[in-house]
Amino acid sequence: MYDIFLQRGCSSLPDMTGLVEQIPALADPLVQSRIVQRETQPGFLGLNLPSSLASTLLECLIVAEASACRLPVAYRQPSLTLNEITALATHILRKQQVEKFPDASFGPIQGPCDHGVCLGFSIGSIRGILSVSVDKLDGHLWSSEELQHLYDESRLIRRKLAYAKACAAGLPMTRWQERFDSYDIVISRRCRTWPQLQELISVIPELANPHVQAYFLGDRTIPEEQLRHFRDLPFLGLALSYELAGQLAQRLQEAGAQANRIPIEYREPRIRLQEAHVLAEQEIMDLHEKAVPHDTLGPVELSEWQWTPYWVFEARSPELIAKGHIPGRLFAHIDKLDGHVWTFDEMYLFIGQGTIM
């Protein structure tokens, strides 16, 4: 059975009409007040739900801008007491201090910070900060990456909602499935751990190729020239269906990668750099008139990002820099196939589709 753990409540009470019948506790004013609690961490809602129903409620809460995850109910009543967890965390932190910064003077232990499944503690000095997260049930330590994975389901829900919003707005990227048949994967940040690909290798035999696998984590046995080419054009060289490419991208993302599904046509841009530069100059000129009309911009130059489905150009704005804007530049994102200008909404949708971390 599962409960919902809220890091931050909803901005307003969500429409739970269809769920109250299945989860009567949602009609309780105390539960509802916790759902919209944003000043302090609400914590567990105190529900006992089957997995699918808990996921449905989680999505309902995320639509209303909650920060939440679905956790086993066992974590609501920890096996270990707060004193036991604090003593364990103190011992581990002091040991880390001796091993890593034996000559440094650290302040008192800060915490606990409740992550639902564990309690986090930290100590700091001018040399750095040490932290530890202790499981509430058996005392094992949680890594920062494991804690991030707690919110994978929530991130996927947000991604789905963002994509639905983009579809409603008619963003060109949302029509890829109608326009293109085959897709590749572009990896701009490699995996931190080995991805779970066993069930995909049978339908994507190329994944068994050692050279392809080497790109997931990075491999010094690959010739430098080949690695340099992959850094410039980090495609895996596959031709997959939209659905299968999505499955592979998610497996790589679960292992910590920035991995995007992208039509294979983007491997060889139709809009060449010189043509894209002309289009970018016009777009930045328009932005200049709207944003900083009296500023003298620097030249329009190509940015370093080569793995995206758009060329990225930028022009330095002294006025924006003087006002403290970061990065103090105007940007233009020109599609590599048809030359349309990517809006920031479309660009962030693409970037967001590449990671769940």
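Above this text sits the structure in question.
Residues numbered from 1 in each chain as written. Predicted model: local features only at pLDDT ≥ 70, side-chain atom pairs only at ≥ 80, totals over all residues. Heavy atoms only, no water.

Digging into the side chain of Q353
For the record, the criterion: Only runs of H or I of at least four residues qualify as helices and only runs of E of at least two qualify as strands under DSSP, and these elements are numbered from the N terminus. We call a residue buried when its accessible area falls under 20% of the maximum for its residue type, exposed when it is over 50%, and partly exposed in between, using a 1.4 Å probe and counting protein chains only.
Here Q353 lies in the segment after α14 (344-352). The exposure class of Q353 is buried, given its relative accessible area of 15%.

Remarks on the environment of C10
Stated formally: Residue contacts follow a heavy-atom distance rule, with two residues in contact if any of their heavy atoms lie within 4.5 Å.
Counting through the fold element by element, C10 comes out in the loop between β1 (2-8) and α1 (17-20). When the C-alpha atoms of C10 and Q97 are compared, they prove to be 39 Å apart, with 87 residues separating the residues in sequence. Those residues in contact with C10, other than ones at most four positions away along the chain, are I35, V36, R38, L61, A64, E65 and A66.

Brief notes about the pattern of salt bridges
Rule in force here: Here a salt bridge means any side-chain nitrogen of Lys or Arg lying within 4 Å of a carboxyl oxygen belonging to Asp or Glu.
Under the counting rule described, the total for this entry stands at ten salt bridges. Across the pair K136 and D114 runs a salt bridge, and its minimum N-O distance is 2.9 Å. You can see K136 sitting in the loop between β6 (128-135) and α5 (144-149) and its partner D114 sitting in strand β4 (residues 110-114), a full 22 residues away along the chain. In this structure, the salt-bridge partner of D338 is R179, at a minimum N-O distance of 3.7 Å. In this pair, D338 sits in the loop between β11 (329-335) and α14 while R179 sits in helix α7 (residues 176-179), placing the two residues 159 residues apart along the sequence. The exposure class of D338 is partly exposed, given its relative accessible area of 39%.

Considerations on the sheet that holds β11
Stated formally: Strand pairing requires that DSSP identify at least two bridges connecting the strands. Here the axes come from fitting lines to C-alpha atoms, over the contacting stretch only for helices, and the angles between their N-to-C directions go from 0 to 180 degrees.
Within the open sheet, the three strands sit side by side as β9-β10-β11. Their pairing is antiparallel. Of all strands in the sheet, those with a lone pairing partner are β9 (301-302) and β11, marking the two edges. Bridging between strand β10 (residues 310-316) and β11 involves seven bridges; their strand directions are antiparallel. Across the sheet, residue E314 finds its bridge partner in β11, namely F331. Seen against the sheet, helix α12 (residues 273-291) touches β9, β10 and β11 and runs at an angle of roughly 140° to β11.

Considering the nonpolar core
Stated formally: In plain words, nonpolar cores are sets of buried Ala, Val, Leu, Ile, Met, Phe, Trp, Tyr and Cys residues tied together by side-chain atoms within 4.5 Å.
In this structure, W176, I185, F216, L236, L248 and L252 are the most contacted members of the largest nonpolar core, which totals 41 residues. Only α6 (152-169), β7 (183-189), α9 (210-217), α11 (242-254), β8 (258-263), β10 and α14 provide two or more residues apiece to this core. Among the elements that take part in this core, α11 stands out by supplying six residues, more than any other. When residues no more than four places from it in sequence are discounted, the contact partners of L248 are I185, L197, L200, I204, L207, L236, L238 and L240. Residues L19, I23, I35 and C60 belong to the second largest nonpolar core, which totals 23 residues.

A word on the sheet that holds β1
Strand order in the open sheet formed by three strands is β2-β1-β3, with antiparallel pairing between adjacent strands. The two strands at the open ends of the sheet, each matched to only one other strand, are β2 (43-44) and β3 (67-72). In the sheet, β1 pairs with β3 via six bridges, with the strands oriented antiparallel. Each residue of the ladder has a partner; that of Y2, found in β3, is P72.

Considerations on the packing of aromatic side chains
Stated formally: Any two rings among Phe, Tyr and Trp, with Trp reduced to its six-membered ring, count as a pair given centres within 6.5 Å; such a pair is stacked if its planes are under 30 degrees apart, edge-to-face if over 60, and tilted if neither.
What the rule picks out here adds up to twelve aromatic pairs. Summarising the aromatic geometry, the rings of F5 and F44 are spaced 5.0 Å apart at their centres and angled 65° between planes, so their arrangement reads as edge-to-face. Here F44 lies in strand β2 and F5 lies in strand β1, a separation of 39 residues in the sequence. By the burial criterion, F5 is buried, and F44 matches it. Look at W176 and F350: their rings are 6.2 Å apart centre to centre, the planes differ by 70°, and that puts the pair in the edge-to-face class. Placement of the pair is W176 in helix α7 and F350 in helix α14, with a sequence separation of 174 residues.

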